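Each chain, written out:
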Amino acid sequence: MPKKQETLIRQIYGGKDPRDIPTYTVGEAAAYTGVPVATVRSWVVGRNVPARDGKKSVPPIITRPVTDSKLLSFTNLVEIHVLSALRKSERLQMKDIRGALEYVETALRKPHPLARQEFATDGVSLFIEHFGHLINASKKGQIALREIFADRLRRIERDELGLARTLALVTRPIRDDDRLSDLPDVVVVNPFVSFGKPVIRDTGIPIAVLAERYFAGESVKELSDDYEIPTETIDEAIRFQYRAA
């Protein structure tokens, strides 16, 4: 994206980085990342768990841009996307995950480490090292965890500063044996394009517009001809909108 256009978008948001603007509901974040709504809510709002004296409050593991609002930012979306990699292993306890992430954030000295290039380069190793120390993870388990992280990180595109700029969304239900890098990546969100709403990659065409026209009676072939994009891409966009809705 040209710098002039990016500067204009920042001006629209009062000089703030669009990546940090509250934009998405918990439901949207769940639909976009393929993570259950209850799990996303637990990560970003916190939850209560049974305790001997009644209930104990567990704080959120992801920090929202505005604490008195449940809306999430694009940065939060990326954090949820990366954090969901850890759900692949049943051995990981959230208290241990929380401790390892706090360690990484302290070591990198930057907030929201899951959404930064530093996590992809150094942070994964720091996380696994610290997490392995907490639970005595096996060599095989550490290799598997590294591969799971790599699978998630490949769906994130970053700017020259290493900050996440584009996230390829989940358009289909995820099975336990799925690798996200093998799934279609044509539907993306970019906080600098269409106010962060899902669009077709490299085109800026809003998914909602395609879906509206399709459900109004236009065929996939007609939409493909009109927008000059493959029918397979239209199919994936419609599939995503239907699932997200």
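The structure we're discussing is the one just above.
About the thresholds
- Residues numbered from 1 in each chain as written.
- Predicted model: local features only at pLDDT ≥ 70, side-chain atom pairs only at ≥ 80, totals over all residues.
- Heavy atoms only, no water.
- Helix = DSSP H or I, 4+ residues; strand = E, 2+ residues; numbered from the N terminus.
- Buried < 20%, exposed > 50% of the residue type's maximum accessible area, 1.4 Å probe, protein only.
- Contact = heavy atoms within 4.5 Å.
- Areas by Shrake-Rupley, 256 points an atom, 1.4 Å probe, with all protein chains shown as cover.
- Core = buried A, V, L, I, M, F, W, Y, C linked by side-chain atoms within 4.5 Å.
- Patch = residues over 30% accessible without salt bridge, like charges linked within 9 Å, V, L, I, M, F, W, Y side chains within 5 Å.
- Salt bridge = Lys/Arg side-chain N within 4 Å of Asp/Glu carboxyl O.
- Arc of directions from axis to C-beta.
- Pairing = 2+ DSSP bridges.
- Axes fitted to C-alpha atoms, helices over the stretch in contact; angles between N-to-C directions.
- Parallel < 35°, antiparallel > 145°, perpendicular 65-115°, else oblique.
- Left-handed = near helix turned anticlockwise from the far one by under 90°.
- Nonpolar A, V, L, I, M, F, W, Y, C, P; charged D, E, K, R; others polar.

A.B. asks: Looking at this model, I keep getting lost on the overall build of the chain. Mind explaining?
C.D. replies: Per the secondary structure count, the chain includes ten helices and six strands. When each of the 245 residues of the chain is scored for burial, the buried share is 44%. In the chain, 58% of the contacts between residues at least 6 apart in sequence involve partners at least 24 apart. As displayed, the chain has an accessible area near 13200 Å², and 51% of this comes from carbon and sulfur atoms.

A.B. asks: Can you help me understand the nonpolar core in this one?
C.D. replies: Looking at soluble globular proteins, one finds that nonpolar side chains tend to be buried together. By size, the foremost hydrophobic cluster in this structure holds 55 residues, and its most contacted members are Val40, Ile80, Leu83, Phe119, Phe127 and Phe149. Discounting chain neighbours no more than four positions away, the residues touching isoleucine 80 are Ala29, Thr33, Val35, Val40, Trp43, Val44, Ile62 and Leu72.

A.B. asks: Explain the environment of serine 125 to me, please; I cannot follow it from the model alone.
C.D. replies: Along the polypeptide, serine 125 turns up in helix α6 (residues 117-135). A C-alpha to C-alpha distance of 8.0 Å links serine 125 and arginine 146, two positions 21 residues apart in sequence.

A.B. asks: I keep staring at a nonpolar patch on the surface and nothing clicks. Help me out?
C.D. replies: Together, Tyr214, Phe215 and Tyr242 give the surface a local cluster of nonpolar side chains, amounting to about 370 Å² of exposed area. Looking at the secondary structure, you find tyrosine 242 in helix α10 (residues 231-244).

A.B. asks: Would you explain helix α9 (residues 220-227) in this entry?
C.D. replies: The α-helix advances 3.6 residues per turn, and as a result positions three or four apart in sequence lie on the same side. When α9 is considered as a whole, its buried residues turn out to be Val220, Leu223 and Ser224. In an axial view of α9, the angular spread of the buried residues amounts to 100 degrees, which keeps them on one side of the axis. Tucked inside the fold, the buried residues of α9 contact α8 (207-215) and α10.

A.B. asks: Help me understand the sheet that holds strand β3 (residues 156-158), please; the structure alone is not making it clear to me.
C.D. replies: Hydrogen bonding along the main chain pairs the strands of a sheet, whether they run parallel or antiparallel. With antiparallel pairing, four strands are arranged side by side in an open sheet as β3-β4-β5-β6. The sheet is open, and its two edges are formed by β3 and β6 (199-200), each paired on a single side. Pairing of strand β4 (residues 164-168) with strand β5 (residues 187-189) involves two bridges; the strand directions are antiparallel. Considered in β5, the bridge of alanine 168 is made with valine 188.

A.B. asks: Before we go on, may I ask you to explain the packing of α8 against α9 in this structure?
C.D. replies: Between two packed helices, the angle of one axis relative to the other and the distance separating the axes together describe the packing. Contact pair α8 / α9: the axes reach a minimum separation of 10 Å and the direction vectors enclose 140 degrees. By the angle between their axes, α8 is oblique relative to α9. Two packed elements cross with a definite hand, and for α8 against α9 that hand is right-handed. In this structure, α8 uses Val209, Leu210, Arg213 and Tyr214 to contact α9, whose residues at the interface are Val220, Leu223, Asp226 and Tyr227. A per-class count over the contact of α8 with α9 returns six nonpolar, no polar and two charged.

By themselves these figures say nothing about function.
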